[in-house]
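The lines below spell out each chain.
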Amino acid sequence: MLFSTCCFSESTGSLPALTLAFFLSIPVSVSVSSHLNPDGGPCRRTYCGRGRQCVLLEVTGRAECVCQEKCRPTFVPVCGSDGRFYENHCEVYRTACLQKRRIYVVHSKDCFFKGDRCTMAEYNKLKSMLLDMQPKGLNGGDNNTLRDMDQKRALVDTMFKYLDVDRDGRLGSDELAQISMKEHLEDSLLECTMQDLLRYDDYNNDGHLTLHEFYTAFQVVQLSLAEDQRMSISTVTVGLSTVLSCAIQGTLRPPIIWKRNGIILNFLDLEDINDFGDDGSLYITKVTTIHMGNYSCHAYGYEELCQTHVLQVNVPPVILVYPETQAQEPGVSASLHCHADGIPDPKILWLKNGMDLQPRPSKQLSLIANGSELHIGSVRYEDTGAYTCIAKNEVGVDEDISSLFVEDSARKTLANILWREEGLSVGNMFYVFSDEGVTVLQPSECEIRKHIERTERIVASYEEMCPKSEGVSPQHCSWSSAVSVRDKYIYVTQPLQKRLLVIDTQAQKVVQAVETDPFPVKLLYDKSHDQVWVLSWGSMEKSHPTLQVIPQASVGEMHHTIRTPFQRVDDFFIPPTNLIITHVRFGFVFLKSEPAVHKIDLETFHRVKTISLKTYSCVPVSMAYTHLSGFYFIQCQSQSRDPSSAQPQLLIDSVTDTVIGPNLNITGQPYVSPNGRYIVTPDQQSGKVRVQTVSFQGVLGLSRELDTSLLVSDLVFQPSFTESNQYTVVAASGSGMDLVFSDLASGHSEVLKSLKEPLSPHTWPWGGPNRVVVSSGLFGQYLVTPSAESLFVLNGKQKTPHCEVSDIKRGNTVVWVGEV
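Cut-offs and rules
Residues numbered from 1 in each chain as written. Predicted model: local features only at pLDDT ≥ 70, side-chain atom pairs only at ≥ 80, totals over all residues. Heavy atoms only, no water. UniProt positions renumbered as here; feature names shortened; annotations may be inferred. Disulfide = S-S within 2.5 Å. Helix = DSSP H or I, 4+ residues; strand = E, 2+ residues; numbered from the N terminus. Buried < 20%, exposed > 50% of the residue type's maximum accessible area, 1.4 Å probe, protein only. Arc of directions from axis to C-beta. Contact = heavy atoms within 4.5 Å. Polar contact = N/O pair within 3.5 Å; in protein donor to acceptor, adjacent residues only side chain to side chain. Pairing = 2+ DSSP bridges. Core = buried A, V, L, I, M, F, W, Y, C linked by side-chain atoms within 4.5 Å. Salt bridge = Lys/Arg side-chain N within 4 Å of Asp/Glu carboxyl O.

Identification of the protein chain as Follistatin-like 4 from Salmo trutta is taken from an unreviewed UniProt entry. What UniProt records for the protein chain under Subcellular location (unreviewed entry) is the sentence "Secreted".

Right, let's get into the state of the cysteines. Tallied over the entire structure, the rule returns 10 disulfides. Paired through a disulfide, Cys71 and Cys90 show a sulfur-sulfur distance of 2.0 Å. Disulfide Cys71-Cys90: the torsion about the S-S bond is -80°, which places it as left-handed. Placement of the pair is Cys71 in the loop between strand 2 (63-67) and strand 3 (78-80) and Cys90 in helix 2 (residues 89-99), with a sequence separation of 19 residues. Taken individually, Cys71 and Cys90 each receive the classification buried, so the pair is uniform in this respect. Here Cys446 engages in a disulfide with Cys803; their sulfurs sit 1.7 Å apart. Handedness of the Cys446-Cys803 disulfide follows from its S-S torsion of about -95°: it is left-handed. Note that Cys446 is positioned in the loop between strand 27 (437-442) and strand 28 (447-453) and Cys803 in strand 56 (residues 800-806), a separation of 357 residues in sequence.

As a further point, take helix 5 (residues 173-182). The complete set of buried residues in helix 5 reads Glu175, Leu176, Ile179 and Ser180. Taken around the axis of helix 5, the buried residues stretch over an arc of 135°, which confines them to a single face. Facing away from the buried side of helix 5 by over 90 degrees, the exposed positions are Asp174, Met181 and Lys182. Looking at the buried residues of helix 5, the elements they touch are helix 4 (145-163), strand 6 (170-171) and helix 6 (196-201).

Let's shift gears to the side chain of Gln53. The residue Gln53 is located in strand 1 (residues 52-56) in this model. Only 3.1 Å separates the side chain of Gln53 from the backbone nitrogen of Glu69, close enough to count as a polar contact.

Buried within helix 2 are the following residues: His89, Cys90, Val92, Tyr93, Thr95, Ala96 and Cys97. The positive-phi residue at the C-terminal boundary of helix 2 is Lys100, with phi of around 55°.

To continue, consider the sheet that holds strand 4 (residues 85-86). Read from one edge to the other, the open sheet built from three strands follows the order 4-3-5, with strand pairing classed as antiparallel. A strand with exactly one partner marks an edge of an open sheet, and here the two such strands are strand 4 and strand 5 (105-106).

The next subject is the nonpolar core. One recurring pattern in soluble globular proteins is that nonpolar side chains are buried together. In terms of nonpolar packing, the biggest core is built from 86 residues, with Phe214 and Trp258 touching the most fellow members. By residue number, the principal contributor to this core is helix 4, which donates six residues. Judged by nonpolar contacts, the second largest core, of 19 residues, contains Tyr431, Val438, Met465 and Val492.

Under the defined criterion, the tally for this structure stands at 24 salt bridges. Across the pair Glu303 and Lys259 runs a salt bridge whose closest N-O atoms are separated by 2.4 Å. Highlighted residues: Glu303 in strand 17 (residues 302-322) and Lys259 in strand 12 (residues 256-260), separated in sequence by 44 residues. Residue class for Glu303 comes out partly exposed when judged on its relative accessible area of 27%. Owing to a relative accessible area of 2%, Lys259 belongs among the buried residues under this scheme. The salt bridge involving Glu804 is made with Lys756; its shortest N-O contact spans 2.7 Å. In this pair, Glu804 is assigned in strand 56 and Lys756 in the loop between strand 52 (749-752) and strand 53 (774-775), connecting sequence segments 48 residues apart. Take Glu804: its relative accessible area is 36%, and that puts it in the partly exposed class. According to the relative accessible area criterion, Lys756 is partly exposed, its value standing at 40%. Salt bridges sharing partners connect three or more residues here, namely Asp341, Asp345 and Arg677.

Set out below in structure tokens:
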């Protein structure tokens, strides 16, 4: 289990060597936690800023920001720009609010004694000398800060009793003068006298020093944390704000330090964690799933005493049904699918025409995979209806309808026509790009619906789809990467033609050729901004790599590329979307031989920041991402040809954009399941596959090792057909004829053999896997994987070969189009 302890010991999480004066220069703003309504009232959504608090007006019930009534009694002395002394930052900002003028903090008590010979430095010398005069032998030689503070407290207690001649618990001017004469302190060369203890540390100006004021003068810190508060578990619903309060209490408690994954948060300018209150609270605005995980707090300088906060972020269910409408003839079987995602896992129930549907196990009607599939064995006319899938968890509910029409095909109703002609003829197809052109394959019947010949003309320009290149004989098509754009278009690169093609999936024709920089080799569709990103090498030697973008990719118009400002691009990464995460703001770019990843704004194409990996000597090769706790996984380039010397993956925290450290000893390319809960990494040296999980509390842990005994070329996740929110990984070998199905829940694996030899790596020069494996979407049961001379369709539900389609050479570029 990773990141489960309170005080993380990685070097990246250690506190910088700062003086207290520098630490106090960090602005501290007042928390509004004590003024938030626990029932989620208006004050929960109102941020008032430093020195102010939110109150509810009795008459209107509206939230209003007013000057803070009082500050917590913490002693972090500062001077205000108005020349006054304040006990802490809160008092400065509270006074500024009351006086309606700007007062800022001057970080030194010396400002009160300008021109006085007894400066703060001289005063500290006096106090050090007084401590040195006390009986020795209390120092145990241990480096524990809390134990050192206990020893210091004993010294100060002894000194106070010695100075308190009349034993009244207060030190007056006469007593200080008496001890000064007795010990001949006036003969010292110091510029300060015992009377300066009253000048500096008699904060209530009553002419006496109490033991508490004496503790303050000698910075005796007394901290405590109740045993039952060492671990605190909080749950918040996504989209709301939350406040984490540190339970460490005590006299002269220093400012509170907050950490996440060992990374100090106080010094970071974060968009969503923006308030460290005077009471030590951590305020997170608009919580998302990346914020889940462990947070720890401790007083500055006292890291041994810390509290851990475990934050779980709950998400209301989001569902997707398939099909929305279907028409079946009497006597055939029908399945209605409902995929639900949420935190905690939603429970699924079905209604038929608004009435509860709770089928008993039978051949006629059954619920499969915890209700994710409603199966009707032999449909009858009375099964026609609207089937409502309802998903519930403790924070919400979602529902959608899947309609079933049972009718004789001869009746040709509108529903029948739409489902049969549109649902089967155009959608739910594999598009396979091979030497001979484009093959449109319907997988269940292993039927080639259409073959677009290499000589077919492009609609917009009337050029041939695959013109003969100079010096290339015989004529054949060369492809490298393809993406589906909202099931309306397919974009596919032709690296030798310095362009990509746009295929209209409705017309099943090539409608446009878009010119790119030379050797376009990789495409990725950014669904959030409707953009296709294009990586071009410039030459086969990758001499001038560039990154271009095609905007409004799903709009039916003539498309063009926009060049981004990034040069020497080795690769790029854009996190995927899913049912919960529907919008992505940032991507990443890797530059050649550079130990860093560059965070970019996907809308403006501007660099946001650079995250250095130099400390770990890691040149990034690939990335993966889970929205649960916001971990990025980075594969590092091997420093030698020896696979045993491969570097471990690095982890980056997306909340802080900071490297956490190595991901255990896991090496290789990471893959993340669509729901973000599984991270799967094939080890190319051992043939094992390492499986990690992320809990709903944001804890990353190693789940199991799968022994596949093959060198994985490509890997995909297929939703389980027996359990909801579970997956089977399907991995294809890049050197042999085997393919493995591994159930992530049980670890059980099945091997398919004799799928023929894949393309050899040297005949596939475009990077990426030399043998792909492509699934048929969220609800589909079929997959395809090519060999050098043919294409195999696999039945993922039965984990068996379905059919082989011959005469498809070098069909290693495959894309799925459809809702399934």
